Amino acid sequence: MSEMGFGQDYLSPVGIEAYLRRNQGHVLGVIGFGRPVDLPPTSCTPLWVDIPVLGGADTSLEVWVSDAAVSPCDHDGIHGSSDGTVLFGSVTLAQHAGETMQSLANQAYSRIFSFLDHHGFSHLLRVWHYFPQINDDEHGLERYRGFNVGRHEAFVAHGRSISEESVPAASALGSNSGSLTIYFMAARQPGKAVENPRQISAYHYPQLFGPRSPIFVRALSATLAGQHCFFISGTASIVGYETVHHGDAEKQAAETLLNIRTLLQQTPHYQPAQGRMLLKVYLRHEEYWEMVATKVRAEFGDQVKVVYLHSNICRSDLLLEIEGAYFNEVEVSDE
Ligand code: 3EB
């Protein structure tokens, strides 16, 4: 048995070895942020993302575990693992000379869709994307915008509709090195998309933000292995489709937390005193992490697990972005 049913945790290098030993055979994924450390072998291949960790530790490890036994299912360059209920996977593509972020995103998503189809887990629930120079220009188009074009091409090529029923929750952030790194989780059944009434759905953004809109829903809820899961996409200081509070990190933090609160209000399973909340906070500049940490504590209390990362955000006017996950055990009377 894993210690918490299906779910996610953040660990420091000090605790990771014992944790992985206790959960042996039940680890779906390990994603390391910051300075790489040696890890004992597990049922999955660890992924490293070159984004510095703020707030003291040099390394933070995100771990996904399951109650059920996990088996590896690598296929066609994708490292994967499954417990029978969810399929976890990651893909890292190098950008060779002459290639664009657009073509990389297209290739990565095409591989992911083939991988999902191959294993019979066709519903993408949650995706994380990291790549360097996210706000830099590439042949006249910002790399993040090129990424959006490539992602869109792959959705179309694989006959995947761009609507609430088939779009995952997601995050897209800048890393310091590496090429394109994506990790994801999929299921056999679709989740339920939750949009934010304060914001236009990202896949309906006007062309102002590039030739193709980003493809993600603001949040997604799913019941997986006896847990209500609520996945909150990267959330920022956006109202409607526009960035608000340019240059003001404090107001951006408050607006972001209001957007997260608005999403949580739409899930009946969210009970602040129960369940487990985890957040990843991405800050463009490290100097305001204390200010943001104070606001996050005021909003969610001391129970929430938070990792602070120093990274670029996909819109150059955003100073921070926060993503989250909330897990609450299904009560027996629900079933
Ligand atoms: C936004 O709300 C901020 O391109 O997959 C957040 C989460 C953002 C995911 C993505 C982008 C993505 O538009 C940016």
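This text follows the structure it describes.
The rules behind these values
Residues numbered from 1 in each chain as written. Predicted model: local features only at pLDDT ≥ 70, side-chain atom pairs only at ≥ 80, totals over all residues. Heavy atoms only, no water. Buried < 20%, exposed > 50% of the residue type's maximum accessible area, 1.4 Å probe, protein only. Helix = DSSP H or I, 4+ residues; strand = E, 2+ residues; numbered from the N terminus. Pairing = 2+ DSSP bridges. Axes fitted to C-alpha atoms, helices over the stretch in contact; angles between N-to-C directions. Contact = heavy atoms within 4.5 Å. Phe/Tyr/Trp six-rings, centres within 6.5 Å; stacked < 30°, edge-to-face > 60°. Expected span 1.5 Å × (residues − 1).

Buried residues dominate strand β5 (residues 59-65), accounting for seven of its seven residues. Residue alternation in β5 divides its side chains into two sets, Thr59, Leu61, Val63 and Val65 and Ser60, Glu62 and Trp64, and both sets are buried. Sheet analysis places strand β1 (residues 7-11) next to β5, joined by five bridges and oriented antiparallel. Across the sheet, the residue bridging to Gly7 is Val65, located in β5.

Our focus in this paragraph is the sheet that holds strand β2 (residues 27-34). Taken in spatial order, the four strands of this open sheet run β1-β5-β2-β3, and their pairing is mixed. Every other strand in the sheet has two partners, leaving β1 and β3 (47-49) as the edge strands with one partner each. Each strand axis lies, on average, 20 degrees off the axis of its neighbour in the sheet, ignoring direction. Each of β1, β2 and β5 is contacted by helix α1 (residues 13-22), which is oriented at about 25 degrees to β5, the strand it contacts most.

Another point: the side chain of His228. By the secondary structure assignment, His228 is in strand β16 (residues 227-235). With a relative accessible area of 10%, His228 lands in the buried category.

Overall, the coordinates contain 22 aromatic pairs when judged by the stated rule. Judged by centre distance (5.9 Å) and plane angle (80 degrees), the ring pair of Phe115 and Phe184 falls under edge-to-face. Here Phe184 lies in strand β13 (residues 180-187) and Phe115 lies in helix α2 (residues 101-119), a separation of 69 residues in the sequence. Overall, the relative accessible area of 0% leaves Phe115 in the buried class. You can call Phe184 buried: its relative accessible area is 0%.

Here we take up the pairing of strand β9 (residues 123-132). Burial within β9 is extensive, with nine of its 10 residues counted as buried. Alignment of β9 against strand β12 (residues 169-175), held across seven bridges, turns out to be parallel. Residue Val127 lies in a different strand from β12, and its bridge partner there is Ala170.

Under the 1.5 Å per step criterion, the end-to-end length of α2 is 27 Å for 19 residues, consistent within 8% with the ideal 27 Å. Of all the residues in α2, the buried ones are Met101, Leu104, Ala105, Ala108, Tyr109, Ser110, Ile112, Phe113, Phe115 and Leu116. Looking at the packing, one finds that the buried side of α2 touches β7 (79-82), β8 (86-93), β9, β10 (137-138), α3 (143-157) and β13. Gly120 lies just past α2 and shows a positive phi near 75 degrees.

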